[in-house]
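For reference, the chains in residue letters:
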Amino acid sequence: MPSSKKTISLINDSLSSELSIKDASVGPSVVDLANLNKDTGLFTFDPSYSSTASCESKVTYIDGDEGILEYRGYPIEQLANKSTYLEVSYLLFNGELPKKEELSEFRHNVKHNMVLDSNLKQLFTGFLPNAHPMGMLMSSVAALSTIYHEDIDIRNPHHREAFFFNVLGKMPVLVATIFNQINGTKIGSYNEERSYAENILTLFFDGRGDYEINPVFSQALDILLVLHADHEQNCSTSSVRLTGSSGTNPYAAIAAGIAALWGPSHGGANEAVVRMLKEIGSPKNIPTYIEKAKDKSDPFKLMGFGHRVYKNFDPRATIIRGECHKVLGQLNQDNNPMFELALQLEEIALNDQYFVDRNLYPNVDFYSGVIYQAMGIPKEMFTVIFALARTVGWATHWCEMMENPALKIGRPRQLYLGSEKRDYISIDQR
Ligand code: CMC
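Below, the structure is looked at part by part. Each residue is numbered by its place in its chain's sequence as written, counting from 1. Where local features are concerned, this predicted model is filtered to residues with pLDDT of at least 70; where side-chain atom pairs are given and counted, the filter is 80 or more; whole-chain, interface and lining totals use all residues. Calculation of side-chain values draws on the structure's entire complement of heavy atoms; hydrogens and water are dropped beforehand.

It is worth spelling out the pattern of salt bridges at this point. The salt bridge definition used is simple: a Lys or Arg side-chain nitrogen within 4 Å of an Asp or Glu carboxyl oxygen. A complete count under the given rule lists 12 salt bridges for this structure. One salt bridge connects lysine 292 with aspartate 298, and the closest N-O pair in it is separated by 3.1 Å. Look at aspartate 298 and you get buried, because its relative accessible area is 19%. One salt bridge connects lysine 326 with glutamate 323, and the closest N-O pair in it is separated by 3.0 Å. Note on classification: 1.4 Å probe, protein chains only; a residue is buried when its accessible area is under 20% of the maximum for its type, exposed when over 50%, partly exposed between these limits.

What follows is the structure, encoded as structure tokens:
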């Protein structure tokens, strides 16, 4: 990490610590707290990590005030418009955009791993009919750790690369298997002639071999995958890093990321948005739900609104809103009731003082469900598709972390508020 000569002095009674300030290549500097406890006996307290940088990284940059998101320095708007998910995956993993032959080799390496072990297929027969697809995905990725464990040396870069391509290849097949299981349909076959996004639609919908790909759908899906590919140290990526820092099996670490993504404060929000819009039902009910969202005694929140980092706008939401118009226009559903409701809800919230004061804007999850629904994808699959896209981010961050020879296990401390020391009393004397 580049280091500046600046320091901050922290003085506590007679103890003091000179904390160095480390400069970022772009964006805010950080205060290095590594010596704070040694010098003063103090820990820092930041339970939701609102002021904490947990690691060094070169993958993704976000400026929340300006609504900027960049993968390896490339603005998300340019990548969404001009690139493809596989090219972005190459970029995230390797740090540079690929030449034609490099991309073709990358695609081959992903495709080569798109085969499921027959034992793994059996796992899917054990789930209850109403199993949630995220639970199925998490379990099946965790199950990959039962197949790939003895041969993985996580300190070996070749083994890490093999893991990267294997998890990237396995994920679309797992996701499509889950999709077809809950739909009671047969998985389609991968087609070399088709793009990555077209192949996802093929695996989902082409079990009978007669599915015609709508280019507006495949383009929208590709853009959604690009937008979800990485997002620096979010909850699920941090879960992958923290879990992985113990040296555990990397598939287990990815399963931890999927577990974190499932929550409605994170990736689960896309499913929750559609549930919420269904519950609101009609524009006439919007004011009631806006009041509920503002009422601190009511647990209801406006799903798809707000973000820990973006305090101006989420650049991904702007792109997705445009894609919604295209997809619905293609279906002659310009007046799609759910989209209309979402647009009106957004407008009312953006003009409400509560949301203005707190810088609450639609996030990436506000409109994505409308597109998925229009494509015929059930809402329980929305977060699963998010996980499919984010896998490249998780695997890239895990590899970046493992490259560090000085990596230590992540081990936060606490502010202890429990009982003081006391003596054990035998059960008949309590
Ligand atoms: N509806 C109503 N009030 C909200 C909302 C919301 N969606 N989001 C934040 N607030 C309020 C919050 O109650 C707090 O009010 P006050 O200052 O009066 O106590 C203020 O805004 C600041 O919120 P916060 O809870 O400190 O914000 P946070 O950074 O901890 O949480 C968030 C961020 C995304 C979890 C939260 O905004 C939220 O729960 N949003 C709804 C769920 C959602 O859409 N999640 C997807 C996030 S983007 C995709 C992803 O990460 O995967």
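Here the distance between the centres and the angle between the planes together describe a pair of aromatic rings. Within 6.5 Å between ring centres, the rings of Phe, Tyr and Trp (the latter by its six-membered ring) count as paired, and their orientation is classed by plane angle as stacked under 30 degrees, edge-to-face over 60, tilted in between. Applying the stated criterion across every chain, the model contains 22 aromatic pairs. For the pair tyrosine 372 and phenylalanine 382, a centre-to-centre distance of 5.4 Å together with 35° between the ring planes defines the contact as tilted. Of this pair, tyrosine 372 sits in helix H17 (residues 365–374) while phenylalanine 382 sits in helix H18 (residues 382–402), and the two are 10 residues apart along the sequence. Owing to a relative accessible area of 0%, phenylalanine 382 belongs among the buried residues under this scheme. Helical segments are the DSSP runs of H or I of at least four residues, strand segments are the runs of E of at least two, and each set is numbered from the N terminus.

On to the layout of surface pockets. Lining residues are defined by having an atom within 4 Å of a point belonging to a cavity or pocket. Those points lie on a 1 Å grid over the protein atoms alone, cavities being sets where a 1.4 Å probe fits but cannot get out and pockets being open sets with protein on both sides within 12 Å along at least five of seven lines. Grid points are joined across faces, edges and corners, and a volume is the space filled by probe spheres set on the points. In this structure, the second largest pocket encloses a volume near 240 Å³. Along the walls of the second largest pocket sit Lys111, Met114, Val115, Leu116, Lys121, Val173, Thr177, Ile187, Gly188, Ser189, Tyr190 and Leu203, which together make up its complete lining. Here the nonpolar group is Ala, Val, Leu, Ile, Met, Phe, Trp, Tyr, Cys and Pro; Asp, Glu, Lys and Arg are the charged ones; every other residue, Gly included, is treated as polar. For the lining of the second largest pocket, the class distribution of residues is seven nonpolar, three polar and two charged.

What follows covers the site of the ligand. Proximity is defined per residue: any heavy atom of the residue falling within 4 Å of a molecule or strand makes that residue near it. Taken together, 22 residues form the shell around the ligand, and within it His266, Leu302, Gly304, Phe305 and Arg308 come nearest. In this description, accessible areas are obtained by the Shrake-Rupley approach with a 1.4 Å probe, and a residue is regarded as covered only by the protein chains that are shown. In isolation the ligand offers 940 Å² of accessible surface; the protein chains occlude 75% of this area. Looking at side-chain class alone, the shell around the ligand contains 10 nonpolar, seven polar and five charged residues.

What follows is about the sheet that holds strand E6 (residues 74–75). The pairing of strands in a sheet happens through backbone hydrogen bonds and is either parallel or antiparallel. In this description, strands pair whenever DSSP reports at least two bridges between them. Spatial ordering of the open sheet is given by E4-E5-E6, a layout of three strands whose pairing is antiparallel. Edge positions in the sheet fall to strand E4 (60–63) and E6, since each has one partner strand and no second. Note: strand E5 (residues 68–71) against E6, two bridges, orientation antiparallel. Paired with glutamate 70 across the two strands is proline 75, which belongs to E6.

Two cysteine sulfurs form a disulfide in these notes if their separation is within 2.5 Å. All chains considered together, the criterion is met by zero disulfides. Left unpaired, cysteine 55 is separated from the closest cysteine sulfur, that of cysteine 399, by 14 Å. A relative accessible area of 28% means that cysteine 55 is categorised as partly exposed. With a relative accessible area of 4%, cysteine 399 lands in the buried category.

In globular proteins that are soluble, nonpolar side chains generally tend to be buried together. As used here, the term nonpolar core means buried Ala, Val, Leu, Ile, Met, Phe, Trp, Tyr and Cys residues forming a set that is joined through side-chain atoms within 4.5 Å. Among the nonpolar cores identified, the biggest contains 117 residues, and Leu137 and Leu302 are the most heavily contacted of them. The biggest single contributor to this core is H18, with 14 residues. Contacts are residue-level and defined by heavy atoms, with any inter-residue pair within 4.5 Å sufficient. What leucine 302 contacts, discounting residues up to four positions off in sequence, is Met276, Ile290, Ala293, Leu345, Ala349 and Phe355.

What follows concerns the side chain of serine 145. By the secondary structure assignment, serine 145 is in helix H6 (residues 133–147). One polar contact links the side chain of serine 145 to the main-chain carbonyl oxygen of alanine 142, over a distance of 2.4 Å. The contacts of serine 145, once residues within four sequence positions are left out, are Asn249, Tyr251 and Ala252. We call two N or O atoms a polar contact when they sit within 3.5 Å, provided that within protein one can donate a hydrogen and the other can accept it, with sequence-adjacent residues counted only if both atoms are side-chain atoms.

Our next topic: the packing of helix H15 (residues 337–350) against H17. Between H15 and H17, whose axes approach to 10 Å, the crossing angle comes to 170°. Taken together, the axes of H15 and H17 lie roughly antiparallel to each other. Listed contacts from H17 to Met338, Phe339, Ala342, Leu343, Leu345 and Glu346 of H15 are Phe366, Tyr367, Val370 and Gln373. Classifying every residue of the contact of H15 with H17 gives eight nonpolar, one polar and one charged. Here the axes come from fitting lines to C-alpha atoms, over the contacting stretch only for helices, and the angles between their N-to-C directions go from 0 to 180 degrees. In these notes the angle categories are as follows: under 35 degrees is roughly parallel, over 145 is roughly antiparallel, 65 to 115 is roughly perpendicular, and the rest is oblique.

Glancing now at unusual backbone geometry. Unlike most non-glycine residues, arginine 72 shows phi in positive territory, near 50°. For arginine 72, a relative accessible area of 23% corresponds to the partly exposed category.

A helix is expected to reach a length of 1.5 Å times the quantity of its residues less one. Across its 14 residues, H15 extends 20 Å between first and last C-alpha, which sits within 8% of the 20 Å expected from 1.5 Å per residue. Among all positions in H15, only Met338, Phe339, Leu341, Ala342, Leu345, Glu346 and Ala349 are buried. Down the axis of H15, the smallest arc covering the buried residues is 160°, so these residues share one side. Among the exposed residues of H15, those pointing more than 90 degrees away from its buried face are Pro337 and Glu347. Contact partners of the buried residues in H15: helix H12 (269–280), helix H13 (286–294), helix H14 (315–330), helix H16 (353–357) and H17. A side-chain oxygen of the first residue of H15 lies 2.9 Å from the backbone nitrogen of methionine 338; this N-cap is asparagine 336. Directions from the helix axis toward the C-beta atoms define the arc.

Turning to the pairing of E4, a few remarks are in order. The pairing of E4 with E5 spans four bridges and is antiparallel. Paired with tyrosine 61 across the two strands is glutamate 70, which belongs to E5.

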